[in-house]
Structures are given as structure tokens and as C-alpha cells.
Amino acid sequence: MGFRVLTIAREYGSGGARIAKAVAEHLDWKLLDAALIDAIARAARVNPKVVSEFDEHVESWLKRMNRQAMRGAAIAGGVVAGKEECFDAQTMTELTRQIVEQAYADGNCVIVGRGAQCILQRKPDTFHVFLYAPLKERVERLKSRLKPGTNLEHKAREIDSERAKYLQQRFGEDWKNPHLYDLMVSSHEDEDATARLIICAMSQE
């Protein structure tokens, strides 16, 4: 196999996290998913919960203005703003890029989301996958993961929209642009089967 890194973008509820984990286990590669949040938190020296607030989300204009106002007030008052007050979407993007590029340099890694398909787009030994599934199937998957009473269709559409906006704002790319991916595949209920399909596709390239 000539590939050193796999990136996986995914619709919410398509089983992307578990499929990525299965691929990583099959290949004995490192998995960078939730671990990426922890890595960014360590690099920025902030609480992982702060990082999670910016994870594949677009910060609203009002929040950006409030954050800048807080910084300005702190500077004007001679107060040094804490690291968590200074952490913002731009910092998140820059640190994500650094960590993804380091993961590529190290090799043998599966990276989930976070614009990795854009950051590593020009790397010839990287394989890019987009996972999707019919909304009805995704809702069924989410029933076991989310609290009863959650509007699952709305939740899936909302998070997909956030991911699409994130990629557009931070990388200027359409999330579902087929030219970003080597493989776009509908995930099966048997997530291990989808993992094997991805590995097979990588071996055929």
C-alpha cells in the first residue's frame, strides 16, 4: 500500500468515528479524532472543553466581536488576558493545521474531519474519503447515542451544516466537492465492512 495517511470526512450519524477506528485497527495505524482535541488543548495550554467549542464550528460574528472586546478591555485595563480568553477559531485552525501536518510527517495515521482533506490535499500519498448515508439510516444510528426526545433529523442537518460552513470559511472549499476525495461511499450498517471497503480501495490505487 502506497498511502501513509487516510483522512475521513463524514456526515453526522454515518458512523465515521467507528469506521475510522476500525480502519486504524486493521492497519495498525494511529487514530487522530478525539485525540486531536487533546493535542490542540495541550499545545494551546487550555482546557479541552474550550477547544471542543471550536471543533468544526464557525464562530458567529457576535461572538468574535465580544471576544475582541474582552481582549481590548483587558489590554486597556492593564490586565493580561488568560489563555482561554485568547483562544479563538483562528488559533484553533492554525494549531489544527500544525498537528495534522505533523501527523502526516509521522505517517501511518487516520485523521477524522477537521479539514484534513484540505490541509493534506496536495500530498500524493494521502487517501481522502467522504462517508455519507441516507438521513433515515443516520437517524437510526443516532437513537442509541443521543438523549431521548432529541430531534435527530434536525441535529444531523445542523451539525452537517456547521461542518460545511467550517470548511467553507476556513479553507474556501465545498464540503461535498467530489474533487476533494478519492472515495465517496455510503456507509453500511456493518461498519467493519465499510472499513474493509476503504482499505480495499486504498490497496487498489
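A brief report on the enclosed structure follows.

Cut-offs and rules
Residues numbered from 1 in each chain as written. Predicted model: local features only at pLDDT ≥ 70, side-chain atom pairs only at ≥ 80, totals over all residues. Heavy atoms only, no water. Helix = DSSP H or I, 4+ residues; strand = E, 2+ residues; numbered from the N terminus. Expected span 1.5 Å × (residues − 1). Buried < 20%, exposed > 50% of the residue type's maximum accessible area, 1.4 Å probe, protein only. Contact = heavy atoms within 4.5 Å. Salt bridge = Lys/Arg side-chain N within 4 Å of Asp/Glu carboxyl O.

Re helix α1 (residues 16-27)
Alright, step 1. Taking 1.5 Å of rise per residue, 12 residues should cover 16 Å, and α1 covers 16 Å from first to last C-alpha, within 8% of that figure.
Alright, step 2. Here α1 has its buried residues at Gly16, Ile19, Ala20, Ala22, Val23, Ala24 and Leu27.
Alright, step 3. Buried residues belonging to α1 abut β1 (5-10), β2 (30-32), β3 (109-112), β4 (126-132) and α10 (191-204).
Alright, step 4. Once α1 ends, the next one or two residues include aspartate 28, with phi positive near 60°.

Describing the environment of lysine 155
Alright, step 1. Here lysine 155 lies in helix α9 (residues 152-171).
Alright, step 2. Look at lysine 155 and you get partly exposed, because its relative accessible area is 29%.
Alright, step 3. Along the primary structure lysine 155 and glycine 13 are separated by 142 residues, whereas in three dimensions their C-alpha atoms are 9.6 Å apart.
Alright, step 4. Leaving out residues up to four positions away in the same chain, lysine 155 has contacts with Tyr12, Leu146 and Thr150.

Overview of the pattern of salt bridges
Alright, step 1. Taken as a whole and assessed by the stated rule, the structure comprises 10 salt bridges.
Alright, step 2. Residue aspartate 125 pairs with arginine 4 through a salt bridge whose shortest N-O separation is 3.8 Å. Of this pair, aspartate 125 sits in the loop between α7 (116-119) and β4 while arginine 4 sits in the segment before β1, and the two are 121 residues apart along the sequence.
Alright, step 3. Looking at aspartate 125, the relative accessible area reads 16%, which means it is buried.
Alright, step 4. You can call arginine 4 partly exposed: its relative accessible area is 26%.
Alright, step 5. In this structure, the salt-bridge partner of arginine 141 is glutamate 191, at a minimum N-O distance of 3.2 Å. Remark: glutamate 191 occurs in helix α10 and arginine 141 occurs in helix α8 (residues 135-142); sequence separation between them is 50 residues. The same class applies to arginine 141 and to glutamate 191, which are both buried.
Alright, step 6. Each of Glu11, Arg138, Asp160 and Lys176 takes part in salt bridges that share partners, so that together they form one network.

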